[in-house]
Amino acid sequence: MSKVMRRQMIEELKGQLQESRNFVLFDYGRITAEEASELRKDLRESGQRMNVLKNSIATRAFDQIGVKSFTESMKEMNAVAYGPDPVALAKILTEFQKKTKKSGVRAAIIEGKPMPVEQLQPLADLPSREGLLGMLLGALQGVTTKFVSTLNEVPRKFVGTLEAMKEKQEG
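Just so we're clear, the structure is a prediction, and the values are computed from it rather than from any experiment.

Novice: Even after reading the chapter, I still don't get the overall build of the chain, so can you show me in this structure?
Specialist: Per the secondary structure count, the chain includes six helices and five strands. Of the regular secondary structure in the chain, the N- to C-terminal order runs α-β-α-β-α-β-α-β-β-α-α. Compactness check: the chain gives a C-alpha radius of gyration of 27 Å against a globular reference of 16 Å for 171 residues, more than 25% above the reference. Each of the three principal axes of the chain carries a C-alpha extent, and together these read 105 × 35 × 25 Å. The burial tally for the chain puts 34% of its 171 residues in the buried class.

Novice: I keep staring at unusual backbone geometry and nothing clicks. Help me out?
Specialist: Excluding glycine, residues mostly carry a negative phi; peptide bonds, for their part, are mostly trans. The phi torsion at Glu76 lies on the positive side, around 60 degrees, for a residue other than glycine. Here Glu76 shows up in the loop between helix 3 (55–64) and strand 3 (78–82). Glu76 sits in the exposed class, given a relative accessible area of 63%. Residue Glu111 is not a glycine yet carries a positive backbone phi of 50 degrees. Along the chain, Glu111 turns up in the loop between strand 4 (105–110) and strand 5 (113–115). On the basis of relative accessibility, which here comes to 38%, the residue Glu111 falls in the partly exposed class.

Novice: Which parts of the structure should I look at to understand the confidence of the model for the chain?
Specialist: A low pLDDT score tells you not to read the predicted coordinates there in detail. In this model, the chain carries a mean pLDDT of 85, and residues with pLDDT of at least 70 account for 99%. Looking across the chain, the model is least confident in helix 5 (residues 120–124), with a mean pLDDT of 82, and most confident in helix 2 (residues 33–45), with 92.

Novice: So what exactly am I meant to see when it comes to the pairing of strand 4 here?
Specialist: It is a general feature of regular strands that their side chains alternate between the two faces of the sheet. When you tally the buried positions in strand 4, you get five out of six residues, the bulk of the element. Pairing geometry for strand 4 and strand 5, over three bridges, is antiparallel. Bridge assignment links Ala108 to a residue of strand 5, and that residue is Met115. The hairpin turn running from strand 4 into strand 5, its antiparallel successor, is two residues long, and Glu111 in that turn takes a positive phi close to 50 degrees.

Novice: Sorry if this is basic, but what is going on with the packing of aromatic side chains here?
Specialist: Geometry of an aromatic ring pair is reported as the spacing of the ring centres plus the angle between the planes. The final tally for this structure, using the stated rule, is one aromatic pair. Plain terms: the ring middles of Phe23 and Phe62 are 5.8 Å apart, the flat faces sit at 85 degrees to each other, and that makes the pair edge-to-face. Within this pair, whereas Phe23 is found in strand 1 (residues 23–27), its partner Phe62 is found in helix 3, the two being separated by 39 residues in sequence. Across this residue pair, the class does not change: Phe23 and Phe62 are buried.

Rules behind the numbers
- Residues numbered from 1 in each chain as written.
- Predicted model: local features only at pLDDT ≥ 70, side-chain atom pairs only at ≥ 80, totals over all residues.
- Heavy atoms only, no water.
- Helix = DSSP H or I, 4+ residues; strand = E, 2+ residues; numbered from the N terminus.
- Rg over C-alpha atoms; globule rule 2.2 N^0.38 Å.
- Buried < 20%, exposed > 50% of the residue type's maximum accessible area, 1.4 Å probe, protein only.
- pLDDT = per-residue confidence, 0-100.
- Pairing = 2+ DSSP bridges.
- Phe/Tyr/Trp six-rings, centres within 6.5 Å; stacked < 30°, edge-to-face > 60°.

Dropping the structure here:
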């Protein structure tokens, strides 16, 4: 492979990876074409992407974007899944690993920081971003509802007291 072609491949890979801060490097060697196609489809549906890597090119591309912790994990056949949602990445890859029992995660970088592979499963167990936002909204809505009912309680008690005094004076 010529140096020009190699540089072009590095620049292309770097351009694809540069926008993301979440990467999961996994073993691609024993995955069949059908399984790879299914994994790509699942990742694409959730807004994530996947690239099969040539180790020498990937190592240089990762170095250029500031991801140096993958260097020691680059052996045999690798692929990288990346995208904006780390929870979706973790869910899809752990589910795929459970289903096929072929692909092992080698390294992960979540929000720009290296993450131990063992912590990928707890991340996958979290609700999705939309689910977490819904839970937060529910909690905030509950607080405001209680606050409004508390504010409403003072005038209601005052009116009730006035009515009781009125009935006492009439009766």
